[in-house]
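# Topology and contacts: notes
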Amino acid sequence: MTDQERRHGRDESEEERADRMWGELIQEVRVAQTGVQILFGFLLTVVFQQKYADLSDVDQTIYIVTVVLGAAATGALIGPVSLHRLVAGRKVKPQAVRLASGLTQIGLFLLLATMTAALVLILRVATGGGRMTWVVAAVVVWYLVCWYGLPLWSRRRHTTR
């Protein structure tokens, strides 16, 4: 790649760019979908365990919130697939890519909330309700650094104006 190509990016039409971005988005969504679906599947089994009845009202509420967040994350992360299927061939791919990207961002935020709530519940049960706020906070900060901090830093540092 020449210096000039590096400076000016790709020579692609709006449709070609949308095709490329769609392929990249779907690969990203596949990773997130797998994680949220596995987590959601495990969450669904908890209510059928005998120990569930022994949970405090607070822990049961945290569990219900966690399941609802997981369901919402699953919906948002599967949404781009349905969107693509329903608009395929309608010549709206650039708009579909923007909408699917928004759904994916919402899904990742909901996945962050689901994982945080699940961690709170697990640590409360594992420690008998002990205070583990700092552990949860540290993990959430780690998620934020990995999912948002580093990507935003990289975008800012490496984007040419």
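What comes next is a walk through the structure. Position numbers for residues count from 1 along each chain, tracking the sequence in the order it is written. It should be noted that, the model being predicted, local features are given only for residues of pLDDT at least 70 and side-chain atom pairs only at 80 or more, the latter also being counted only at that level, while totals for whole chains, interfaces and linings use all residues. Only hydrogens and water are removed before side-chain values are computed, so all heavy atoms of the structure are retained for them.

### Topic: helix 2 (residues 14-46)
Note the following rule: Helix numbers and strand numbers start at the N terminus; a helix is a DSSP run of H or I with at least 4 residues, a strand a run of E with at least 2. Every helix has an expected span of 1.5 Å times one less than the residues it contains. Burial classes: relative accessible area under 20% of the type maximum marks a residue as buried, over 50% as exposed, and values in between as partly exposed (1.4 Å probe, protein chains only). By definition in these notes, contact holds between two residues if any of their heavy atoms fall within 4.5 Å.
Here helix 2 contains 33 residues, and its C-alpha end-to-end distance of 47 Å stays within 8% of the 48 Å for a straight helix at 1.5 Å per residue. Every buried residue belonging to helix 2 is among A18, W22, L25, I26, V29, A32, Q33, V36, F40 and L43, and all of these are buried. Residues of helix 2 that are buried make contact with helix 3 (57-87) and helix 4 (93-126).

### Description of the packing of aromatic side chains
What counts is decided by this rule: Only Phe, Tyr and Trp rings are paired, with Trp represented by its six-membered ring, and only when their centres lie within 6.5 Å; those with planes under 30 degrees apart are stacked, over 60 edge-to-face, the remainder tilted.
Here the structure, examined in full by the defined rule, presents 2 aromatic pairs. Both rings, one in Y52 and one in Y63, keep their centres 5.3 Å apart while their planes meet at 65°; by these two values the pair is edge-to-face. On the criterion of sequence distance, the pair formed by Y52 in the loop between helix 2 and helix 3 and Y63 in helix 3 is long-range, its members being 11 residues apart.

### Focus on the side chain of T116
Within the secondary structure, T116 is located in helix 4. Among the residues examined, T116 registers a relative accessible area of 19% and is labelled buried. If sequence neighbours within four positions are ignored, T116 has contacts with V136 and V140.

### Brief notes about the nonpolar core
Let me state the cut-off plainly: In this text, buried Ala, Val, Leu, Ile, Met, Phe, Trp, Tyr and Cys residues form a nonpolar core when linked through side-chain atoms within 4.5 Å.
Of all hydrophobic cores here, the largest spans 9 residues; its members are A18, W22, L25, I26, V29, L83, A96, V97 and A100. Looking at this core, the elements with two or more residues in it are helix 2 and helix 4. Of all the elements, helix 2 adds the most residues to this core, at 5 residues.

### Describing the pattern of salt bridges
So the rule is basically this: Within this document, salt bridges are pairs made up of a side-chain nitrogen of Lys or Arg and a carboxyl oxygen of Asp or Glu, the two lying within 4 Å of each other.
Going through the model one piece at a time under the given rule, you end up with 4 salt bridges. A salt bridge links E12 to R20; the shortest N-O distance between them is 2.7 Å. We classify E12 as partly exposed; its relative accessible area is 24%. With a shortest N-O distance of 2.4 Å, D59 and R124 are connected by a salt bridge. Taken together, the residues span a long stretch of sequence, with D59 in helix 3 and R124 in helix 4 at a distance of 65 residues. A network of salt bridges, in which partner residues are shared, links E12, R20 and E24.

### Structural notes on the side chain of Q60
As a reminder of what qualifies: Here a polar contact is recorded for every N or O atom pair within 3.5 Å, except that within protein the pair must consist of a potential hydrogen donor and a potential acceptor, and residues adjacent in sequence are included only if both atoms are side-chain atoms.
Mapped onto the elements, Q60 comes out in helix 3. Polar contacts involving the side chain of Q60 include one to the main-chain carbonyl oxygen of Y52, which spans 3.2 Å. In this view, Q60 contacts Y52, A53 and L55; residues no more than four positions away in its chain are not counted.

### Some details on the environment of T66
Note that T66 resides in helix 3. Through-space distance from the C-alpha of T66 to that of A117 is 5.5 Å; in sequence the pair is 51 residues apart. Residue contacts for T66: discarding those within four places in its chain leaves L43, T114, A117 and A118.

### Comments concerning helix 5 (residues 133-158)
For an α-helix the count is 3.6 residues per turn, leaving residues at separations of three or four pointing the same way. As a reminder of what qualifies: Two axes define the bend at a residue: one fitted to the seven residues ending there, one fitted to the seven starting there, and the bend is the angle between them.
Compared with the 38 Å implied by 1.5 Å per residue over 26 residues, the 35 Å span of helix 5 between its first and last C-alpha is a close match. Within helix 5, the axis deviates most sharply at V145, by approximately 45°. Those residues of helix 5 that sit buried are V135, V136, V140 and Y143. Contacts from the buried residues of helix 5 go to helix 4.

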